[in-house]
Amino acid sequence: MSLIRALALVTFVVLGLVGVGACGKRAPHELHLFIWANYIDPEVYQLFEREFGVRVIEENFDSNETLRTKLQAGATGYDVIVPSDYTVEILIRQGLLTKLDLSKIPNSQNISGRFRGLYYDPHNQYALPYLWGTTGLGYNAQKLESPPTSWAEVFELSRLARYKNRVSMLDDPRETIGAALKYLGYSVNSTDPRALQEALRVLLAQKPYLARYDSETYDDFLLTGDLVIAHGWSGEFAKARQENRDIRYVIPQEGGVIWADNLAIPKSSQRVELAHQFIDFLLRPQINAKIVNYVRYPTTNEAARPYILPEIVNDPAIYPPEEMVERLEWIRDVGDALALYEAVWDELKNR
Amino acid sequence: MGRIILGCDVLMTYIFLYLPMGVLLGYSFSASRYALVWGGFSLEPYRRLLADPEVASALVGSVIVASISTALATLLGTSLALALERARVRFQGGLEALVYLPIVIPEIVMAVGVLLFFAQVLRPSLSALGIELGPLPSVIIGHVTFSISYVMVVVRARLRDLDRSLEEAALDLGATPWQVLRRVTLPLLAPAILSGALLAFTLSLDDFYVTYFVTTGGSGFKTLPLYLYALAGRAAIPPQMNAVATLMILASLVLITLAFLIQRRTQRG
Amino acid sequence: MNTRTRTLLWPGLVWLLLFFAVPLGIILVISLGRRTPDGAIVWGFSFDNYLRVFDPLYWIGPWWNSLGLATLTTLFCLVLGYPVAYTIARRSAAVKNLLLFLVIVPFLTNFLVRIYAWFILLRPEGWIASLLRSVGLELALLGSPVGVLIGLIYGYLPFMIFPIYATLERLDFALVEAAYDLGATRWQSFWRIIFPLSRPGVIAGAVLVFVPVLGEFITPKLLGGGKVPMFGVLIEEKFLGRVSDWPLGAAMAVVLMGLVLLVLTWYFRHLTQTRWVG
């Protein structure tokens, strides 16, 4: 008797909650965008709505991993997502993306040759590049005797010792191990166990001098003066530079990492047609440039260049010089060798 | 003498609790676009706050979720405390384990488990019945689930050595067990129930992972943690957050001072 | 009486069974699987992950830190929190509520915002560090266990104060006064009368602080800057790190939960025995 009563009570409560929730209106013409925070100009939504009569609802994720977790576990409701390159590869392999019909995205022609057919989607069947960036070293020029030019600045102990507790590295196994590999002259996608062992040694030696492993607040700390050199992403430093002109960014001479964020449609989307239209809209030269002018990240869209503010196009921190870009590597899947990276990272973090 | 030391100790602890609040107050007047950076005195964060509808809606979302889930969790947690403490049940050990596990489990593990449960089990089952679970009920369900145990532990502590003579007296005088519960036991437990409820409230306000994983796309439903953690990811926490925090603290302080003054007057009279 | 009280069991129990036990079961199933290099899970029935959990690497650093910090946090919270709870419990009704809510008001702000305040306070160029430097101490607060401890104590104080308050509140302090009048010292009346009454509250507070801190990851991750290994941080990385391994993370979580449950069960059984003896 009591069990039945309890079940009834619980069911009643849950149904009540469902009733509360189901009260939400479902507009017929809506598009659900899942994107990084502050990664698009909100005015673009108004322009899109005016032209297509569709309201865009934006939701944010804070990392590729939380995005992937949600999609992998079966969360639905998103129409356009903005994963980074390596995440696109994972999502394709797991069958979580809808194939793109490029005939419905004529503006995909605007994407520059360098960003077409990238390793993770050789025929752009599932994703189109949006904005991109690089990984390198940001620093406060005022606090350093001379600007860093090499990874040695943060790995060679005699040089690193000057900045004890004022340097941070990314809290990201592929990026940070990759930096060590680059310093040692290897590829960031090396599968050689000896190379990784060397990288581990270098990283372990570096650790006592580091202030922190940080992927989120290094830009803040660079601005407060608690860090003088930070391993991080170009876009963040460009934004920090607006706050303090002393903040500069450099890609070390040994090379760095290049990455790109992409527009894709999850398999579970029920507005595939609209999603295509929105992606095409974002790739229009003027719209794309408008976004770049707002978020200050470089775009993969060649046709947008004429419309971008000169101060952005000419800023080497945002648009690195061509010969620099040649030396950058994409972080790619290393297959089973991933276990090696996992082992190195575990050792580094837990010793 | 001992009383002075005690008083100082307590005062120091309250100062410790409010030290970060002072920092937030100070930095809410920073001109920088980064919450952590002091950029000179300015009212910019407050101006931005007024121009930012998202923060307001995130705040409202948080408060609604916290209120409803706290109410439910307090109800369920209190009843569990009473049952576990007073009744003899089979499998008491197993039950205790089940009830303590939400406190033990790391937040991320629970979030992933709940996410999978919702996405693979609950939502498909419900949609087969034609019901769609919106974000608000989903989040509430998640919050209640991790809060119940906290309420239970606090209430149970009080229940343990509770003097049963009052309850027995009421029974002797002819009250039904239900009346005893309502009129005697629960009032005796009130401070513990309140304490548990306050803890559950803060747990709900601060929750990110369960909330984030359980919301489906496109409702635009946001709580304050969802709003903040997204910004912490790649962007930076904006200065209006310090302003929000400062305003919330000031508003709460005003409210509780008012309540205190009113209560004191009723006590005297 | 027993049957009626037993009815109260069902609502909470059914809720937990449905919304907690089933998700937990899913985690258990995951722990028996394997991960593929591209992050997918291969379902299986193998205890390999559990064997991997007992790698010494995970226990020397992380487990030691977690245990140590959990103990220290609980002790500090007790030392700081008990006097607060005691003081609040002695006051009149209006003052009680005021002081109680004053404890919780800082926690109505958002967690991340509070941590950011601690960033400002504990950073190497901040006031506290500068103060220490002026007396010759070069101490890194952020990125060290000290900073993490401060953050943990701060975050968990209410979880100690509230349960103790809840038990002390029903204390009739007139009885304590009577004891003084009869010649007992302050100390005696505290240990013999007050503390025993608050014991359930102290235990509840200890559980609500110690246990969650063992699995804590966000405070250690942020304030520790990735340089303070803890078991919770380890698990979180296995789930949300770039090189993720859900089955391993799930196994770690199961081991953590199992260990803690074991300790709790032993402790409570031991407790009940003492009570019967005493």
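Residues numbered from 1 in each chain as written. Chains lettered and ligands numbered in written order. Predicted model: local features only at pLDDT ≥ 70, side-chain atom pairs only at ≥ 80, totals over all residues. Heavy atoms only, no water.

On to the interface of chain C and chain B, then. Each side of the interface is counted separately: chain C has 98 residues, and chain B has 95 residues. When the two sides are added together, the surface that chain C and chain B hide from each other amounts to roughly 9,000 Å², 80% of it contributed by carbon and sulfur. It is Trp15, Leu16 and Phe20 of chain C in chain C that bury the most area against chain B; as a group they hold 7% of the surface buried on that side. The partner of Asp206 of chain B in a salt bridge is Arg114 of chain C, with the nearest N and O atoms 2.8 Å apart. (Contact = heavy atoms within 4.5 Å. Buried area = accessible area lost by both parts, 1.4 Å probe. Salt bridge = Lys/Arg side-chain N within 4 Å of Asp/Glu carboxyl O.)

Let us now look at the side chain of Thr223 of chain B. Relative to the assigned elements, Thr223 of chain B resides in the loop between α9 (209-214) and α10 (224-233). Excluding residues that lie within four positions of it along the chain, Thr223 of chain B makes contacts with Ala58, Gly61, Ser62, Val65 and Thr211 of chain B. (Helix = DSSP H or I, 4+ residues; strand = E, 2+ residues; numbered from the N terminus.)

Below, the discussion takes up empty space enclosed by the protein. In the structure shown here, the tally under the stated rule is twelve cavities of 30 Å³ or more. A volume near 820 Å³ is recorded for the largest cavity. Of the residues contributing to the lining of the largest cavity, the split by class is 19 nonpolar, eight polar and 14 charged. Put simply, the second largest cavity is a space of about 660 Å³. What lines the second largest cavity is a set of 31 residues, and nearest its centre among them are Glu107, Tyr150 and Leu203 of chain B together with Tyr156 and Glu216 of chain C. When residues in the lining of the second largest cavity are grouped by element, the largest group, five residues, is from helix α8 (residues 145-168) of chain C. Of the residues in the lining of the second largest cavity, the class split is 21 nonpolar, five polar and five charged. (1 Å grid on protein atoms, 1.4 Å probe; cavity = no way out; pocket = protein on both sides within 12 Å on 5 of 7 lines; lining within 4 Å. Points joined across faces, edges and corners; volume = space filled by probe spheres on them. Nonpolar A, V, L, I, M, F, W, Y, C, P; charged D, E, K, R; others polar.)

The bulk of non-glycine residues show a negative phi, and the bulk of peptide bonds are trans. Residue and element names in this part refer to chain A. For Asn38, which is not glycine, the phi dihedral falls at a positive 55°. Tracing the backbone through its elements, the reader meets Asn38 in the loop between β1 (30-36) and α2 (43-52). Among the residues examined, Asn38 registers a relative accessible area of 45% and is labelled partly exposed. (Buried < 20%, exposed > 50% of the residue type's maximum accessible area, 1.4 Å probe, protein only.)

Once that is clear, we can look at the side chain of Ser150 of chain A. All names here are of chain A. Mapped onto the elements, Ser150 comes out in the loop between β4 (127-140) and α5 (152-155). A distance of 2.8 Å separates a polar atom in the side chain of Ser150 from the backbone nitrogen of Ala152. Within polar-contact distance, the side chain of Ser150 engages the side chain of Glu254 at 2.7 Å. Contact partners of Ser150, with chain neighbours within four places excluded, come to Leu137, Pro252, Gln253 and Glu254. (Polar contact = N/O pair within 3.5 Å; in protein donor to acceptor, adjacent residues only side chain to side chain.)

Detailed reading of the predicted coordinates is not advisable wherever pLDDT is low. Here chain B averages 91 in pLDDT, and 99% of its residues register 70 or above. Of the two predicted TM-score estimates for the complex, the pTM is 0.92 and the ipTM is 0.91. (pLDDT = per-residue confidence, 0-100.)

Two faces belong to every sheet, and in a regular strand the side chains alternate between them. Residues and elements named next belong to chain A. The buried fraction of β1 amounts to seven of the seven residues, a majority that puts the element mostly inside the structure. Here seven bridges tie β1 to strand β2 (residues 55-61), and the two strands are oriented parallel to one another. Looking at the pairing, Trp36 lines up with Phe61 of β2. Regarding the hand of the β-α-β motif, the stretch spanning β1, α2 and β2 is right-handed. As paired elements, β1 and strand β3 (residues 80-81) share two bridges and run parallel to each other. Its bridge partner lying in β3, Leu33 is registered against Val80. (Pairing = 2+ DSSP bridges. Right-handed = clockwise from strand over helix to strand, strands pointing away.)

Attention now goes to the nonpolar core. Across soluble globular proteins, you tend to see nonpolar side chains buried next to one another. Residues Tyr130 of chain A together with Ile108 of chain B are the most contacted members of the largest nonpolar core, which totals 290 residues. The contacts of Ile108 of chain B, once residues within four sequence positions are left out, are Tyr209 and Phe213 of chain B together with Phe217, Ile235, Glu236, Phe239 and Leu240 of chain C. One finds Leu160, Leu181 and Ile229 of chain A together with Val243 of chain C within the second-largest nonpolar core, a separate group that totals 33 residues. (Core = buried A, V, L, I, M, F, W, Y, C linked by side-chain atoms within 4.5 Å.)

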